[in-house]
Amino acid sequence: MDLHFLDAVPEDAEREAVDAVLGPPDSGWDGGTRHASDLRFAEGGHVARGRRDLLLPALHAVNDRVGWISRAALDYICRRLTIPPAEAYGVATFYAMFALERRPRRVVHVCTDIACAAKDSASLCAQMRERAGGPGGDDGEFTWHESPCLGLCERAPAAVSLQAGDPPRYSVAAPARAGEIIPEPGEVPAGDTPAAPAADGHGAPGDSHGPPLGGGRPQRRTTFSPDTLPGPAPEPPPHAAVPQAGDPDLVLLRRIGVVDPTSLDDYRANGGYAALREAMRLGPSGVIREVADSGLVGRGGAAFPTGRKWDATAKRPETPRYVICNADESEPGTFKDRVLMEGDPFAVVEALTIAGYANNAAVGYIYIRGEYPRALWLLENAVELARERNLLGTDILGSGFDFDIEIRRGAGAYICGEETAIFNSIEGLRGEPRSKPPFPVERGVFGKPTAINNVETLVNVLPIVLHGGPAYASVGTGRSTGPKLFCVSGAVERPGVYEVPFGADLRALMEMCGGAGTGPDGAQRLPRAVLLGGAAGGFVRGDELDIPLTLEGARDAGATLGSGVILVLDDDVDLTAILVRIAAFFRDESCGQCVPCRVGTVRQEEALVRLSRETGARDTDLALLREVGDAMRDASICGLGQTAWNAVESAIDRLGAFGPQEESTR
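Numbers given to residues run from 1 along each chain, matching the order in which its sequence is written. Totals for whole chains, interfaces and linings use every residue, but because this is a predicted model, local features are given only for residues with pLDDT of at least 70 and side-chain atom pairs only at 80 or more, for both listing and counting. The side-chain figures draw on all heavy atoms in the structure; neither hydrogens nor water molecules are used.

### Some remarks on the pairing of strand β6 (residues 363-368)
Operational definition: Only protein chains enter the accessibility calculation, which uses a 1.4 Å probe. A residue is then buried if its area is under 20% of the maximum for its type, exposed if over 50%, and partly exposed in between. Where helices and strands are cited, they refer to DSSP runs of H or I of at least four residues and of E of at least two residues respectively, numbered from the N terminus. One requirement defines pairing of two strands: DSSP has to find at least two bridges between them. By convention, a crossover is right-handed whenever its connection, traced from the first strand over the helix to the second and viewed with the strands pointing away, goes clockwise.
Of all 6 residues making up β6, 5 are buried, and the element is well covered by its neighbours. Bridge count for strand β5 (residues 322-327) against β6 is 6 bridges, and the pairing is parallel. Looking at the pairing, Y322 lines up with V363 of β6. With 6 bridges connecting them, β6 and strand β7 (residues 404-409) associate as parallel partners. The partner of I368 across the bridge, within β7, is R409. Note on the crossover from β6 through helix α15 (residues 373-388) to β7: the handedness is right-handed.

### A closer look at the sheet that holds β6
To keep it simple, the criterion reads: To get an axis, a line is fitted to the C-alpha atoms, and for a helix only the part in contact is used. The angle between two axes follows their N-to-C directions and goes from 0 to 180 degrees. Whether two residues touch is decided by their heavy atoms; if any such pair falls within 4.5 Å, the residues are in contact.
Ordered in space as β7-β6-β5-β8, the 4 strands form an open sheet in which the pairing is parallel. The sheet is open, and its two borders are formed by β7 and β8 (450-454), each paired with just one other strand. The sheet shows a mean angle of 20° between the axes of neighbouring strands, taken without regard to direction. Against the sheet, α15 makes contact with β6 and β7, and its axis sits at roughly 165° relative to β7, the strand it touches most.

### What about the pattern of salt bridges?
Using the following cut-off: Here, a salt bridge means any side-chain nitrogen of Lys or Arg that lies within 4 Å of a carboxyl oxygen of Asp or Glu.
Following the criterion strictly, the structure yields 43 salt bridges and no others. Note that K336 and E456 form a salt bridge whose closest N and O atoms lie 3.0 Å from each other. Residue K336 is located in helix α13 (residues 336-343), and its partner E456 is located in helix α17 (residues 455-467); the two are separated by 120 residues in the primary sequence. Of the residues examined, K336 reaches a relative accessible area of 1% and is grouped as buried.

### Some words on unusual backbone geometry
For the bond running from D166 to P167, omega is 0°, close enough to zero to count as cis. Here P167 is to be found in the loop between β3 (159-163) and β4 (169-173). P437 connects to P438 through a cis peptide bond whose omega is 5°. Within the secondary structure, P438 is located in the loop between α16 (419-426) and β8. Even without glycine at this site, T82 takes up a positive phi of about 55°.

### A few points about the state of the cysteines
In protein chemistry, a disulfide is the covalent bond that joins the sulfur atoms of two cysteines. Put simply, the rule is: The disulfide definition used here is simple: a pair of cysteine sulfur atoms within 2.5 Å.
Summed over the entire model, instances satisfying the criterion amount to 0 disulfides. Considering cysteine sulfurs only, C111 is the nearest to C116, which forms no disulfide, with 3.5 Å between them. Judged by its relative accessible area of 3%, C116 falls in the buried class. In this model C125 remains outside any disulfide bridge; the closest cysteine sulfur is found in C111, 9.0 Å from its own. By relative accessible area, which is 4% here, C125 ends up buried.

### With respect to the sheet that holds β4
The sheet built from 4 strands is open, its strands ordered β2-β1-β3-β4 with mixed pairing. Across the chains shown, the open sheet's two edge strands, defined by having one partner strand only, are β2 (142-147) and β4. Here the average twist between neighbouring strands, direction ignored, is 15°. In terms of strand pairing, strand β1 (residues 106-111) meets β3 through 5 bridges, oriented antiparallel. Paired with V107 across the bridge in β3 is L162. With respect to the sheet, helix α7 (residues 121-132) is in contact with β1 and β2, its orientation differing from that of β2 by roughly 155°.

### Regarding the packing of aromatic side chains
Convention followed: Stacked, edge-to-face and tilted are the three classes for Phe, Tyr and Trp ring pairs, Trp counted by its six-membered ring, which pair at centre distances within 6.5 Å; planes under 30 degrees apart are stacked, over 60 edge-to-face, the rest tilted.
All chains considered together, the criterion is met by 13 aromatic pairs. The interplanar angle of 40° and the centroid separation of 6.3 Å between the aromatic rings of Y322 and Y365 together place this pair among those described as tilted. Taken together, the positions of Y322 in strand β5 and Y365 in strand β6 put the pair 43 residues apart, joining distant regions of the chain. We note that Y322, like Y365, is buried. Members of the aromatic cluster, joined through ring pairs, are F94, Y95 and F98.

### Focus on α7
Each full turn of the α-helix corresponds to 3.6 residues, which orients residues three or four apart in the same direction. Heads up, the condition is: One fewer than the residue count of a helix, multiplied by 1.5 Å, yields its expected span. The reported arc concerns the directions from the helix axis to the C-beta atoms and nothing else.
For α7, which comprises 12 residues, the first-to-last C-alpha distance of 16 Å matches the rise-based estimate of 16 Å (1.5 Å per residue) to within 8%. Of the positions making up α7, those classed as buried are S121, L124, C125 and M128. Each buried residue of α7 sits inside an arc of 95° when the element is viewed along its axis, so together they form one side. Away from the buried face of α7 by more than 90 degrees, exposed residues A122 and E130 are located. For α7, the elements touching its buried residues are β1, α6 (114-118), β2 and α8 (178-181). Directly beyond the C-terminal end of α7, a positive phi value near 85° is found at G133.

### With respect to the confidence of the model for the protein chain
Stated formally: Per-residue confidence from the prediction method is given by pLDDT, with values spanning 0 to 100.
For the protein chain, the mean per-residue pLDDT works out to 91, and 92% of the residues sit at or above 70. A low-confidence stretch, residues 195-220 stays under pLDDT 50, and its non-local contacts, those more than four residues away or across chains, total 63 contacts.

### Structural notes on the pairing of β5
The element β5 is largely enclosed, with a buried count of 6 among its 6 residues. The side-chain alternation of β5 yields two buried faces, one formed by Y322, I324 and N326 and the other by V323, C325 and A327. The sheet contact formed by β5 and β8 spans 5 bridges and is parallel. From the neighbouring strand, C325 faces β8, where its bridge partner is N453.

### Brief notes about the packing of helix α22 (residues 595-613) against helix α23 (residues 618-635)
To keep things clear, this is the line we draw: Just so you know how the angles are binned, under 35 degrees is roughly parallel, over 145 roughly antiparallel, 65 to 115 roughly perpendicular, and the rest oblique. The hand of a helix crossing depends on one turn: near helix anticlockwise from the far one by less than a right angle means left-handed, and clockwise means right-handed. Polarity classes work like this: nonpolar for Ala, Val, Leu, Ile, Met, Phe, Trp, Tyr, Cys and Pro, charged for Asp, Glu, Lys and Arg, and polar for all others, with Gly in that last group.
Packing of α22 against α23 leaves a shortest axis separation of 9 Å and a crossing angle of 155°. With respect to α23, the axis of α22 lies roughly antiparallel. Considering only the axes of α22 and α23, their crossing is left-handed. Contacts between α22 and α23 involve P596, C597, G600, T601, R603, Q604, A607, L608, R610 and L611 from the first element and R618, D621, L622, L624, L625, V628, A631, M632 and A635 from the second. Along the lines of polarity and charge, the residues of the contact of α22 with α23 split into 12 nonpolar, 3 polar and 4 charged.

Now the structure itself:
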């Protein structure tokens, strides 16, 4: 590809998609019609560079409308944003969900990650190959790909279909069957399929395949049509993923299954926005004090104290400051943030508004992963309704506080769950992590102080503000306070999201989800292994269920809670195949920026493949794995490389994968 400006002319649909994001061009300098007056001035400098952050939304717009990003469309985006084509190409090719070569309008993503692999996604992929050819084929009405985790682990194996158009449409199949996700002949339109306008001019009226939510669906503009694609059975409501739904003792999940997630009135009738009013009574410093007193730490895995983070951000002299909700939940086996966003989206909006108030920020971002279309639909609806009711915007609730939220959608890059990679992605750069220091509280997005928290962390702020930090801290243990969400999947009777106070042990959680079933003798079966913390976590044995589910308890046991993954494996699962899949995941998702991770993840996968096939020198490969793993852990820039060896190491040491080891290899 020639990465210079050419005279390629975009199609009307491509131009319309870009203009819908950026507005019509003002002159020939930014892609519009060239007039004689354009020769008398030139736009550029700070104003032009200041729109760089709209690159990712513009790429999404074309990809959503047409299905791929042509050279002409990329050129047009570059002219509109004054970005060199080579840089835009580097960004577009960084994300797995963008295509720069023509492809069918419908793309089916079939999850093959660890939770789905444990539920035999291999058979689903074999059926897809038999009926539709190999992955990546582009000569039919659709194409399909094997995908990393889609965050639908409680209903594995899963598939998500995305179809370009105006508006784009989607469907979720979980558990997925090949016959449901392969479209019928003629089902996928060749061109744009404008939906019939609704009475208020927003989107199209729904049918029985729309998001299966209670109450009437609002007719307003959202990225995806509320009319999902035909084929799979309607997606179950969000509370179907919460076996405890309706339990009055729940704190974080108490509204899921109780309120209509599309209704702001229903949310307020169930206590919504009481926390924001209380926050405004406390004042910014009072909110931060309560959060600090609560002992709340980040729920994404790093466990950094939230109160310290907010205090450091709020005290920085630089302005503006930003707050970000990290909703790029991509750790294999994790789906709690999806359930929160789908079941209680207004709580996410309210909590981020409180974060903005405490940190004196005027703008907040929700960075949501691209594979969550229903959560995106519901959050867009929640933000728009909040704006209409003066819960976002200027002078919120008459307090004089101005704050608004912008939703940014990821495009298939696990590494963008890393906080500094999110900054780069929002700014229109490749989503590569930055070296630290400086830390985000000093120089975050756009080089300004930024407080970034994931969805679960932010939702914890609501009960803290309402009931006070000390009351929150009374739940759990001294060093692990409050409730914690766990994503249980695999070989259990009732997979889903569970809320338990810190301090419960793994055995108690297993009993809540029905355990691993019973054996032929009717006795409760012990799992073969449990993966704690996801692909970046570690395995424990089935006879180690007394491990306390606290940060310090897991650490003392040589494990980690990470983002709350509990993936249960029984004897039917091929453990070595799971390890190879984990290694392939890290190899695929490494951004390639630092050598230890870029090379180490490849060497790790190669050694595991040899060990699983018994084609190499076993002791040599085990020693190589340890050497490479230590190098990645010590020298990688970010958490991806630093944790890529964790699960493999624990499987070798705790589970005896690949057999007993010689002393010389330890």
